[in-house]
Amino acid sequence: MQLVLASQSPARLQVLRGAGIEPVQYVSGVDEDALAASLPGPTPEQLVAALAEAKARTVAEAVAGQHPDSVIVGCDSMLAHDGVLVGKPGTPDRARERWMLMGGGAGVLLTGHTVLRIQNGVLGALASGTAQTTIRFGAPSPAEIDAYIATGEPMEVAGGFTLDGFGGWFVDGVDGDPSSVIGISLPLTRRLLLEVGVSVVDLWARR
């Protein structure tokens, strides 16, 4: 059975590889902003879950013929800070503004995952769930923030930070699942796999 990761994220790929799985990556191309705008007042948990499911379904429909016995994993993450839901900053100015607000404080990373099983080329069981992890941020100086932004890393990650890259220097602690902060929660994914009838050990690459 093949695990298909509905994401181009190198961090998610690395987490899975480090945990014994060699996934196939396939980018969903889902318009996240359009989908979010189409939802009638979702809670943060509902939003990340809906985005994860849309990515998994889109990829499942595209790869069912190529991977007729597989599980598709869709993921989405956003940071809740001071009551505001934060996605990818996208620009250096926005990343700088967010770090000036986040520095020395804390936020909650919301992670949504969907696992969709394909059997004999047919889309089957689906399971979705969310997880929350509290991030305690350090207080980088303006010069450190500028240096971090210059790496290019914070613009394309939820909340404008990473735990496993340059941003890890500015995270004082994590209360919850560290793998979810990196991009894919191993405990949540394992539980969702079980819900669709798959044991994670059957997906491990045999060495």
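That block above? That's the structure.
How each quantity is defined
Residues numbered from 1 in each chain as written. Predicted model: local features only at pLDDT ≥ 70, side-chain atom pairs only at ≥ 80, totals over all residues. Heavy atoms only, no water. Helix = DSSP H or I, 4+ residues; strand = E, 2+ residues; numbered from the N terminus. Buried < 20%, exposed > 50% of the residue type's maximum accessible area, 1.4 Å probe, protein only. Pairing = 2+ DSSP bridges. Phe/Tyr/Trp six-rings, centres within 6.5 Å; stacked < 30°, edge-to-face > 60°. Core = buried A, V, L, I, M, F, W, Y, C linked by side-chain atoms within 4.5 Å. Contact = heavy atoms within 4.5 Å. Polar contact = N/O pair within 3.5 Å; in protein donor to acceptor, adjacent residues only side chain to side chain. Salt bridge = Lys/Arg side-chain N within 4 Å of Asp/Glu carboxyl O.

Undergrad: In this structure, what is going on with the environment of V174? I would like to understand it.
TA: When you line up the elements, V174 lands in strand β7 (residues 171–175). Along the primary structure V174 and P68 are separated by 106 residues, whereas in three dimensions their C-alpha atoms are 38 Å apart.

Undergrad: Mind showing me how you'd approach the pairing of strand β3 (residues 70–81) here?
TA: In summary, the side chains of a regular strand alternate between the two faces of the sheet. Judged by how many residues are buried, β3 sits mostly within the fold: 11 of 12 residues are covered. Following β3, the chain reverses through 2 residues before pairing antiparallel with strand β4 (residues 84–86); D82 in that reversal takes a positive phi of roughly 55°.

Undergrad: Looking at this structure, I do not really get the packing of aromatic side chains. What am I missing?
TA: Here the distance between the centres and the angle between the planes together describe a pair of aromatic rings. Per the stated rule, a full pass over the model turns up 5 aromatic pairs. A ring pair is formed by W99 and F170, whose centres lie 6.0 Å apart and whose planes are at 75°; its orientation type is edge-to-face. Linking W99 in helix α4 (residues 92–102) with F170 in the loop between α5 (142–150) and β7, this pair joins segments that are 71 residues apart in sequence.

Undergrad: Which parts of the structure should I look at to understand the nonpolar core?
TA: Note on soluble globular proteins: their nonpolar side chains tend to be buried together. If you look at the biggest cluster of nonpolar residues, it comprises 19 residues, and the most contacted ones within it are L3, V71, V115, I184, L193 and L203. Counting residues per element, the ones that place at least two in this core are β1 (2–5), α1 (10–18), β3, β6 (122–137) and α7 (186–195). Setting aside anything within four residues of it in sequence, one finds V71 in contact with M1, Q2, L3, V4, V115, L116, R117, L193, V198 and L203. Judged by nonpolar contacts, the second largest core, of 16 residues, contains V86, A95, F137 and M155.

Undergrad: I'm lost on α1 in this one. Help?
TA: Since one α-helical turn is 3.6 residues long, residues separated by three or four positions face the same way. Taken as a whole, α1 has its buried residues at A11, R12, L13, V15 and L16. Buried residues belonging to α1 abut β1, β2 (24–25), β3, α6 (178–182) and α7. Residue S9 occupies the N-cap position of α1, its side-chain oxygen lying 3.3 Å from the main-chain nitrogen of A11. One or two steps after α1, the chain reaches G20, where phi turns positive at roughly 95°.

Undergrad: Explain the pattern of salt bridges here, please?
TA: Counted according to the given criterion, the structure contains 7 salt bridges. One salt bridge connects D76 with K55, and the closest N-O pair in it is separated by 2.9 Å. Of the two residues, D76 sits in strand β3 while K55 sits in helix α3 (residues 44–63), which places them 21 residues apart along the sequence. On the accessibility criterion, K55 (7% relative accessible area) is buried. The shortest N-O distance in the salt bridge between R96 and D93 comes to 3.3 Å.

Undergrad: Explanation requested: the side chain of H81 in the structure shown.
TA: Note on placement: H81 falls in strand β3. Judged by relative accessible area, which is 9%, H81 ranks as buried.

Undergrad: Would you mind going over the environment of D69 with me for this structure?
TA: For D69, the position within the fold is in the loop between α3 and β3. Here D69 falls in the partly exposed class, since its relative accessible area comes to 37%. Each C-alpha atom, one on D69 and one on L3, is 9.1 Å from the other, the two residues being 66 residues apart in sequence. Here D69 is in contact with M1, Q2 and I118, once residues within four sequence places are set aside.

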